[in-house]
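A closer look at the structure
Residues per chain are reported as follows:
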Amino acid sequence: MNYDHIIIGAGSAGAIIASRLTEDAHRNVLLLEAGPDYPDLDEMPPDVKFGYGHGLAAIDVLGTEHRWHFVAKSTDHAAPMLVPRGKTTGGSSAVNAQIFLRGVPEDYDDWASWGNDEWGFQKLIPFFNRMETDTDYSDDFHGVDGPTIVRRYKPDEWLPDQQAWYQAAREYGFVDCPDHNDPDSTGVGPSPFNNPNRIRWSTNIGYLSEARSRPNLTITARALVHRILFEGGRAVGVEFEADGELQSVYGDEIILSAGAIGSPHLLMLSGVGPADHLRDMGIAVVHELPGVGKNLRDHPQVQLTWETKPGFEQDSLAPRIQFIVRYTAEGSDLRNDMLIHPFSYATRSLYYTDPNTEPIGIGMIAAIYLAESAGEMLLRATNPRIQPFLNYNLLATEFDRRRMRESVRICLDIAEKDTLADLIASRRFPTDAEIESEQTLDDWMMRNVRTSHHISGTCKMGPADDSMAVVNQYARMHGIESLRVADASIMPDCIRANTNATSMVIGERVAEFIKDGN
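Residues numbered from 1 in each chain as written. Predicted model: local features only at pLDDT ≥ 70, side-chain atom pairs only at ≥ 80, totals over all residues. Heavy atoms only, no water.

On to the pattern of salt bridges. Throughout the structure, instances matching the rule amount to 37 salt bridges. Between Lys515 and Glu23 there is a salt bridge whose closest N-O contact spans 2.8 Å. Separated by 492 residues along the polypeptide, Lys515 in helix 13 (residues 500-515) and Glu23 in the loop between helix 1 (14-21) and strand 2 (29-32) bring together distant segments of the chain. Relative accessible area serves as the criterion here: at 33%, Lys515 is assigned to the partly exposed category. With a shortest N-O distance of 3.2 Å, Arg428 and Glu307 are connected by a salt bridge. Linking Arg428 in strand 20 (residues 424-429) with Glu307 in strand 14 (residues 301-308), this pair joins segments that are 121 residues apart in sequence. Residue classification places Arg428 among the partly exposed positions, given a relative accessible area of 26%. Take Glu307: its relative accessible area is 24%, and that puts it in the partly exposed class. (Salt bridge = Lys/Arg side-chain N within 4 Å of Asp/Glu carboxyl O. Helix = DSSP H or I, 4+ residues; strand = E, 2+ residues; numbered from the N terminus. Buried < 20%, exposed > 50% of the residue type's maximum accessible area, 1.4 Å probe, protein only.)

The structure is reproduced here in structure tokens:
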């Protein structure tokens, strides 16, 4: 069978594109997903179904089959960094922390100014609204009848340590922010989440559940794509492995939505990318695009942890995060370029680095939400099962290090406020010696900085005269016909927010482009 569209990856964007395109009964769509599929909410495994409190320790979650278990380099001084990504229908929207935060308007207006005028903030508002049902707000900036349920924790749900942190942040001087998705907002307040009744409302639940009954949608799970097939300068099909056998399928258009790691990886395996690197790997060059795998962006973060006083108890079924604070770093002209959030149920070791998940207290995450530093990814082998080399190159500039130092100091100051000091027994990370001077703090940061799991930018969107652009603003591949990339990889830069909501908007926007014939 020849499909109208073959979509590789059923994640935050791919599931939405499949759902929207099959609203037209005349379009036949094949959706390929490397991980398992769970059509029935009642039969979903707990680590996919529930956003928190499902009883699994961090190391157990990392060990499930629902994640790609990538390992990456964060800096020259840090131990290898774990980078789990979603590997199931819903993609990373099925395994993430459910923070449903939009970027600031300047993010998207910057994209537009760089030659992508279809992506300005005003043009994206209808798509942000289309995908959500916000149960707290209903106005020009919030959707009320979309597939994704969005809410904020109410005061009667606030955990004692989270409420104490909010009060300490207010005492520090941050303004109150009841709605972080208001385009003019800043300060401290409850984060928007897509987890009603603890259920992680992924694109599998919100979108595919409505589309599965359509006869023009075929979902093939546990299908590992090996390469895209080309005839001359045109993409014509996909070679994938299922049940131990290689299969080939063909379609009029191939849409690559495998994520900011998977999409550039697959392009390079298929012969599209930096020509010299492909030749070095023994791969025949189909089309040279030097930007594939470059411009790797993320939100660098460091974790601070405090042990709590005897008698302070935390419920393992409770949420880990309820609040965030967004602010602008001293001397920065990038509004809301920083984010701090508290987290409950801190463990004896740093999350994602050690299996010791014994709870000892509370913590904070300090993160740069518009970093200057960028990294890259390269092939390590031609076997699709062998992950690429990922160099995040975090905190590579003084501007990034200066902002992170300031953020760590802010966290330390917040911890000294009375409401939190009453809970805290001692600080575990960083130690007094590690914050003694600017140099010792830098050393600690460079050893401990890690991903916020918001990798993006590795198939940059931009006009043809941008030598590093991989796709145009309609997500069409430069120089290759019938091939699009639609996921977080096409972001020209990381937005000042958790990336899931924007990845979903990319799915909505690209589906609309396709329907309109762009």
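Read on, since the account is not over.
Attention now moves to a negative patch on the surface. Residues Asp139, Asp140, Asp182 and Asp184 make up a contiguous surface patch of negative charge. Mapping Asp140 onto the fold places it in the loop between strand 5 (132-134) and strand 6 (148-150). Residue classification places Asp140 among the exposed residues on the basis of a relative accessible area of 64%. (Patch = residues over 30% accessible without salt bridge, like charges linked within 9 Å, V, L, I, M, F, W, Y side chains within 5 Å. Areas by Shrake-Rupley, 256 points an atom, 1.4 Å probe, with all protein chains shown as cover. Lys, Arg positive; Asp, Glu negative; His and termini not counted. Charge placed at Lys NZ, Arg CZ, Asp CG, Glu CD.)

Bringing the sheet that holds strand 15 (residues 323-327) into the picture now. Strand order in the open sheet made by the 6 strands is 7-15-16-17-14-20, with antiparallel pairing throughout. Each of the sheet's edge strands pairs with one partner strand only, and the pair in question is strand 7 (187-190) and strand 20. Within the sheet, the average angular offset between the axes of one strand and its neighbour, ignoring direction, is 25°. In this sheet, strand 20 lies alongside strand 14 in antiparallel orientation, the contact comprising 4 bridges. Considered in strand 20, the bridge of Thr305 is made with Phe429. Contacts between helix 12 (residues 438-448) and the sheet are confined to strand 14 and strand 20, with strand 14 contributing the most and set at about 100° to the helix. (Pairing = 2+ DSSP bridges. Axes fitted to C-alpha atoms, helices over the stretch in contact; angles between N-to-C directions. Contact = heavy atoms within 4.5 Å.)

The final tally for this structure, using the stated rule, is 14 aromatic pairs. Considering the side-chain rings of Tyr108 and Trp111, the 5.3 Å spacing of their centres and the 80° angle between planes classify their relative orientation as edge-to-face. Separated by 3 residues within a single helix, Tyr108 and Trp111 lie in helix 4 (residues 105-113), roughly one turn from each other. By relative accessible area, Tyr108 is classed as buried at 0%. Where Tyr153 meets Phe193, the ring centres are 5.3 Å apart and the plane angle is 70°; that geometry is what we call edge-to-face. With a gap of 40 residues between them, Tyr153 in the loop between strand 6 and helix 6 (160-172) and Phe193 in the loop between strand 7 and helix 7 (203-211) connect regions that are remote in the sequence. On the accessibility criterion, Tyr153 (3% relative accessible area) is buried. Taken together, Tyr108, Trp111, Trp119, Phe121, Phe128, Tyr474 and Phe513 form an aromatic cluster joined through their ring pairs. Over the ring of Trp68 we find Lys87, and its NZ or CZ is 4.4 Å from the ring centre. (Phe/Tyr/Trp six-rings, centres within 6.5 Å; stacked < 30°, edge-to-face > 60°. Lys NZ or Arg CZ within 6 Å of the ring centre and 35° of its normal.)

Another aspect to go through is the nonpolar core. Membership of the largest hydrophobic core comes to 138 residues, with the highest contact counts inside it found for Trp165, Leu267, Tyr392 and Leu420. Tallying contributions element by element places helix 13 first for this core, with 8 residues. With residues up to four places along the chain from it excluded, the contact list for Trp165 reads Val188, Phe323, Ile324, Val325, Ile340, His341, Pro342, Met364, Ile414 and Leu420. Formed by 8 residues, the second largest nonpolar core is a distinct cluster that contains Met44, Val48, Ile199 and Trp201. (Core = buried A, V, L, I, M, F, W, Y, C linked by side-chain atoms within 4.5 Å.)

Where the model shows low pLDDT, its predicted coordinates should not be examined in detail. Confidence along the protein chain averages 95 in pLDDT terms, with 96% of residues attaining 70 or more. Considering only residues more than four positions removed or in separate chains, one finds that residues 54-59, a stretch of pLDDT under 50, has 11 contacts. (pLDDT = per-residue confidence, 0-100.)

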